[in-house]
Amino acid sequence: MSHPVQSQCRSRWMNLKDNPTCAWVVSRSLGNAASQFFLASLIMATAFSITRTAAAVSSASRRVTSVRAAVKPSAKATTRPINDRRRRVAHFAGRDSCRAVVAGATGSADDLLVDDEAGLLDFVANDVDCIVMDCDGVLWQGDTLLPGVRESIQLLREMGKRLVFVTNNSNKSRRQYVHKFEKLGIFVEKEEVFSAAFAAAAYLKTQKFAKKAMVIGGQGIVDELNEMYLEVDPGVFNAVQCTEMDWEELDIDPDCGAVIVGQDTSFTYAKLAYASLAIQRGAVFVATNPDAGDAIGPGLMPGAGAIVASVEKASGVSPEIYAGKPSAFLLELLKGNHVDMARTLVVGDRLDTDITFGRAGGAGATVLTLSGVCGLEDVDAAMEEGGDIPDHIVQSLPHMLGLNPEDAAAIEFVEDDQEDDREGDNTASRDDLDDYLDDEGFADDDDMLFDSVDDQEARDAFGGRI
């Protein structure tokens, strides 16, 4: 009996075969005879990719079932070369084995890199109850969902794992993050999201704060303050400059008892002047997080840490607390929501916040993804300097669970294409397919041909000839 996912994939292939969008892309660059050959090749290769994904998911499901039934998980490790670098597999089914590998590491990030088709699936199934995940660099970059993330979260939910999304990005409130997740096709509850904005507001609330808080940061901080019935001091609104005369006449609200500083894409000198003077006069200095920047597009986009540093320099006062990761306060918020850190896996893309957060909280294990800010060279540097290092390193969240991000992206494309057909909108579908082919390395001109070896493998996989 075939797996349900395989049946769905075969159905998707049959629908894709008659998809007029595919013919549109092909016909724009090939002649009739060549077009027929390419179209058939495209169908075979796409169907082959989808079937491989179905098989991987089916295999993953079987592994999950078997490891749940196992009394004692077994630890295993293998070694294989990848990209001309010697990388030892860190694939273990028990937390004690994970710790032993880190303790016995030879001092290279390669020793922590997981290179196994199964990823850490057995370990997650047996020894993890909760996964605490960062968002930027793990789930998405900016507003773009990373490949295979939707399928990864679905698999974790099917395994019965509790998911907690912890982000140091303070631009959005928890409600806004729920909306962002939904736009990306992932459904979460507000209570599953812990943001730096929420943590900063919660900190003031626990201190029985009864004054106004001036905000340098996004609307998310303001919204979280409002939800906790804490009043906001508008400060200088969006004023840009502050001359010497302006400074001498600067009027600080006497009820301003706190300044919360996060990432502010509209940061101005006037805001800096108001915040620094308020802090000099006794306002509590609360920083959302220390992140210097986020890996988006061409490089690191300045983050909250850069603005916090400028306010600290201007006022001569250090923050009373960093509310986000890796603060002990945020850890207490998690534990207060019945998160057992000993049975928790912390996943993130930064050593100084995510991994340090997990280590400080006594997490069962920590995983660094290479899809965000930090790379292998950063782990090597941390080892040399005695800094916090992860238990495991993976290429991405899907790789951690033994899923192939590229195959998952192919399934997403077919599903989106079918949805567009049902809604009678073929224009967006053509654009999606065009982008997908471009991402897969197909050109827009007459060179748009399959590699002969890959093409033959795709045909042979289905036992047919074209």
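Residues numbered from 1 in each chain as written. Predicted model: local features only at pLDDT ≥ 70, side-chain atom pairs only at ≥ 80, totals over all residues. Heavy atoms only, no water.

To continue, consider the packing of helix H7 (residues 174-183) against helix H9 (residues 219-227). One way to put it is that H7 packs onto H9 with a least axis distance of 8 Å and a crossing angle of 125 degrees. As far as their axial angle goes, H9 and H7 are oblique. Here Arg 174, Arg 175 and Gln 176 of H7 lie close against H9, whose contacting residues are Gln 219, Gly 220, Asp 223, Glu 224 and Glu 227. Partitioned by chemical class, the residues of the contact of H7 with H9 number no nonpolar, 3 polar and 5 charged. (Axes fitted to C-alpha atoms, helices over the stretch in contact; angles between N-to-C directions. Helix = DSSP H or I, 4+ residues; strand = E, 2+ residues; numbered from the N terminus. Parallel < 35°, antiparallel > 145°, perpendicular 65-115°, else oblique. Contact = heavy atoms within 4.5 Å. Nonpolar A, V, L, I, M, F, W, Y, C, P; charged D, E, K, R; others polar.)

The biggest cluster of nonpolar side chains holds 38 residues, and the ones touching the most others in it are Leu 139 and Leu 345. For this core, the elements supplying multiple residues, two or more each, are helix H5 (121-127), strand E3 (130-133), helix H6 (149-158), strand E6 (162-167), H7, strand E15 (344-348), strand E16 (365-369) and helix H16 (397-400). Excluding residues that lie within four positions of it along the chain, Leu 139 makes contacts with Met 133, Asp 134, Leu 145, Leu 146, Val 149, Ile 153, Phe 165, Phe 181 and Leu 397. Grouped together as the second largest cluster of nonpolar side chains are 36 residues, Ala 197, Ala 213, Leu 331 and Leu 334 included. (Core = buried A, V, L, I, M, F, W, Y, C linked by side-chain atoms within 4.5 Å. Buried < 20%, exposed > 50% of the residue type's maximum accessible area, 1.4 Å probe, protein only.)

Here the focus is H6. Listing the buried residues of H6 in full gives Val 149, Glu 151, Ser 152, Ile 153, Leu 155 and Leu 156. At the C-terminal side of H6, Gly 160 shows a positive phi close to 80 degrees.

As a further point, take the sheet that holds strand E9 (residues 231-233). Read across the open sheet, the 5 strands follow the order E9-E8-E10-E11-E14; overall the sheet is parallel. Strand pairing shows two members of the sheet lacking a second neighbour, E9 and strand E14 (321-322), which therefore form its edges. Here strand E8 (residues 212-216) pairs with E9 via 3 bridges, running parallel. Note on E9: the bridge partner recorded for Met 214 is Asp 233. Sheet strands touched by helix H11 (residues 269-280): E8, E9, strand E10 (256-261) and strand E11 (284-287). Its angle to E8, the strand with the most contacts, is close to 140 degrees. Contacts from helix H12 (residues 304-315) reach E8, E10, E11 and E14 within the one sheet, and its direction differs from that of E11 by about 160 degrees. (Pairing = 2+ DSSP bridges.)

None of the figures reported here should be taken as evidence of function without further support.
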